[in-house]
Amino acid sequence: MTETELPAARKAMIDSQLRTSGVNEPFVLARMAAVAREDFVPAAQRPIAYIDRAVPLGGGAYLAAPLVHGRMLAEARPVATDTALVVDGGCGYLAALLRPLVGSLDTIPAEQAAQAKRGRKSYTLIVVDGAIEHLPDALVARLAEGGRIVTGLVERGVTRLATGRKVAGAATLQSLADIGMPVLHAFDRPKEWSF
């Protein structure tokens, strides 16, 4: 695929991957039309930036499939008053989609988010760019009371889109739909020995 064909590939992604899968929110389609996925992958991967699966970036990082990011953005329902945190899976694309839709946005690498102590700043919206086995207390502590979280969740080896809200100091995730997405191994549960 040549550089001149990439805008047509972006339009095809919207028409044949997002719209046909029920992602029709105007703000989602507008952001995904505006942000060039090819800018977030290595040069050798640019021709496949719009395929309907995750694109390997090297070092265990991936750019999730377009449908994953479209669904996550739709479920996040960002507003201009949100203070948002993106737990980055390694490419920065999700943060680029979200940034103009919220009041402020910070990013943190997955490895730091999984092990970080409570930060001083709290967020009304946290979006995790990948699937996690568990939601660590350190990340819940960063979520403001009533705040929303959108993430992938690994349940019995299957990745699912999940959302949650912090109520009375706790956040519980609810699975919404099976969807293939890259797993963020920094959030793997510690292995336990059993009989």
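Refer to the structure presented above.
What counts and what doesn't
- Residues numbered from 1 in each chain as written.
- Predicted model: local features only at pLDDT ≥ 70, side-chain atom pairs only at ≥ 80, totals over all residues.
- Heavy atoms only, no water.
- Core = buried A, V, L, I, M, F, W, Y, C linked by side-chain atoms within 4.5 Å.
- Buried < 20%, exposed > 50% of the residue type's maximum accessible area, 1.4 Å probe, protein only.
- Helix = DSSP H or I, 4+ residues; strand = E, 2+ residues; numbered from the N terminus.
- Contact = heavy atoms within 4.5 Å.
- Salt bridge = Lys/Arg side-chain N within 4 Å of Asp/Glu carboxyl O.
- Axes fitted to C-alpha atoms, helices over the stretch in contact; angles between N-to-C directions.
- Parallel < 35°, antiparallel > 145°, perpendicular 65-115°, else oblique.
- Nonpolar A, V, L, I, M, F, W, Y, C, P; charged D, E, K, R; others polar.

Here we look at the nonpolar core
Burial of nonpolar side chains together is a common tendency in soluble globular proteins.
Then step 1. Among the nonpolar cores identified, the biggest contains 44 residues, and Leu98 and Val127 are the most heavily contacted of them.
Then step 2. Per-element accounting of this core gives the leading share, six residues, to helix H4 (residues 93-98).
Then step 3. Sequence-distant contacts of Leu98, defined by excluding residues within four places in its chain, comprise Leu73, Pro78, Ala84, Val86, Leu105, Leu125 and Val127.
Then step 4. Grouped together as the second largest cluster of nonpolar side chains are 21 residues, Ala113, Ile132, Val140 and Ile149 included.

Comments concerning the pattern of salt bridges
Then step 1. As enumerated under the stated definition, the model contains ten salt bridges in all.
Then step 2. One salt bridge in this structure joins Asp15 and Arg19, with 3.5 Å as the shortest N-O distance.
Then step 3. Here Glu155 makes a salt bridge to Arg160, at a shortest N to O gap of 3.1 Å.
Then step 4. Glu155 gets classed as partly exposed once you look at its relative accessible area, which sits at 27%.
Then step 5. Note on Arg160: relative accessible area 18%, which makes it buried.
Then step 6. Via salt bridges that share partners, Lys11, Asp15 and Arg19 belong to a single interconnected network.

Comments concerning the packing of helix H1 (residues 6-18) against helix H3 (residues 66-76)
Then step 1. It is at 10 Å that the axes of H1 and H3 come closest, and there the two elements cross at 75°. Taken together, H1 and H3 sit at an angle that is classed as roughly perpendicular. Contacts between H1 and H3 involve Met13, Gln17 and Leu18 from the first element and Pro66, Leu67 and Gly70 from the second.
Then step 2. Split by residue class, the contact of H1 with H3 holds four nonpolar, two polar and no charged.

Let's talk about H3
Then step 1. Counting buried positions along H3 yields eight of eleven residues, so the element is predominantly enclosed.
Then step 2. What H3 keeps buried is the set Pro66, Val68, His69, Gly70, Met72, Leu73, Ala74 and Ala76.
Then step 3. Positive phi appears at Arg77, one or two residues downstream of H3, with a value of about 45°.

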